[in-house]
Amino acid sequence: MTKLLILGANGQIAKLVVPMLAETDTQITLTSLHARPTKGIKALDAVNEDAMMVALKDIDIVYANIGAEGRQKAAANSVVNAMHAAGVKRLIWVATIGVHNELSDDKKDLWANILGTVDNENTYMGDQAAAVSRIEHSALDYTIIRPNELIDDNIMQNLHVQIARDELVVGGPITRTSVAEFITKILLNPETYVGDSVAISDTIN
């Protein structure tokens, strides 16, 4: 049985992943900054290394979909350190598209006005990029997942998957359902995409 720790279980994507795993041989521990005990979600601040160490006991895989805005780098540092100390190797981390400067110039300029730039850690994009960099420089068996612009349509799309970090992202917006399905497939096949930072989009027509 695979023992999975979900960080950010109250998030929209994570809440779709859980039922997708329901019929599999997976034991799931749900945690969130804003826990809802009635839903079996435990309170856990991923920035707290000591708390992370306790949560990692007997865990095989960590799936992090953390909504700690402004603290992504701190959370990544805590998660990486705690996983190293606990001897847990496999990490699935969901980040923002654009953390590798892989957007077209027009979209990059548009998003810079809203989310900031990768070279400024005081912005949303910069904090996300710093978190990804911390994970990529760790000794973990990580997968970074970078979904394109998210939409709420409850449909499964054919995905365009790009692994090269510096490759210009192509394809269209992606549904959260499609992202959840992609994450679920990796959780069930953890030997896939190890050491990769994967951009996923709707297939190019």
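Whatever comes next refers back to the structure up there.
All of the points below concern the structure found in this document.

Rules and cut-offs
Residues numbered from 1 in each chain as written. Predicted model: local features only at pLDDT ≥ 70, side-chain atom pairs only at ≥ 80, totals over all residues. Heavy atoms only, no water. Pairing = 2+ DSSP bridges. Helix = DSSP H or I, 4+ residues; strand = E, 2+ residues; numbered from the N terminus. Axes fitted to C-alpha atoms, helices over the stretch in contact; angles between N-to-C directions. Contact = heavy atoms within 4.5 Å. 1 Å grid on protein atoms, 1.4 Å probe; cavity = no way out; pocket = protein on both sides within 12 Å on 5 of 7 lines; lining within 4 Å. Points joined across faces, edges and corners; volume = space filled by probe spheres on them. Nonpolar A, V, L, I, M, F, W, Y, C, P; charged D, E, K, R; others polar.

## Comments concerning the sheet that holds strand β4 (residues 61-64)
A sheet is described by the order of its strands in space; here eight strands give the open sequence β3-β2-β1-β4-β5-β6-β10-β8, paired in mixed fashion. Edge strands, defined here as strands with exactly one partner in the open sheet, are β3 (41-43) and β8 (159-162). Going across the sheet, the axis of each strand differs from the next one's by a mean of 25°, ignoring polarity. Bridging between strand β1 (residues 2-7) and strand β2 (residues 26-32) involves six bridges; their strand directions are parallel. By the bridge assignment for β2, L4 is matched with I28. On the sheet, helix α1 (residues 14-21) packs against β1, β2 and β4 and is oriented at approximately 165° with respect to β2. Helix α5 (residues 124-136) contacts β5 (90-94), β6 (141-147) and β10 (196-202) of the sheet and is inclined by roughly 155° relative to β6.

## Describing the layout of surface pockets
For the largest pocket, the calculated volume is near 770 Å³. As for the largest pocket, its lining consists of 36 residues, and the residues nearest its centre are N65, I66, G67, Y124 and L150. Those elements that place two or more of their residues in the lining of the largest pocket are β2, α3 (72-86) and α5. For the lining of the largest pocket, the residue count by class is 17 nonpolar, 13 polar and six charged. Each pocket or cavity is described by its volume, and for the second largest pocket that value is around 170 Å³. Lining the second largest pocket are 13 residues, and of these T29, K42, A55, K57 and I59 lie nearest its centre.

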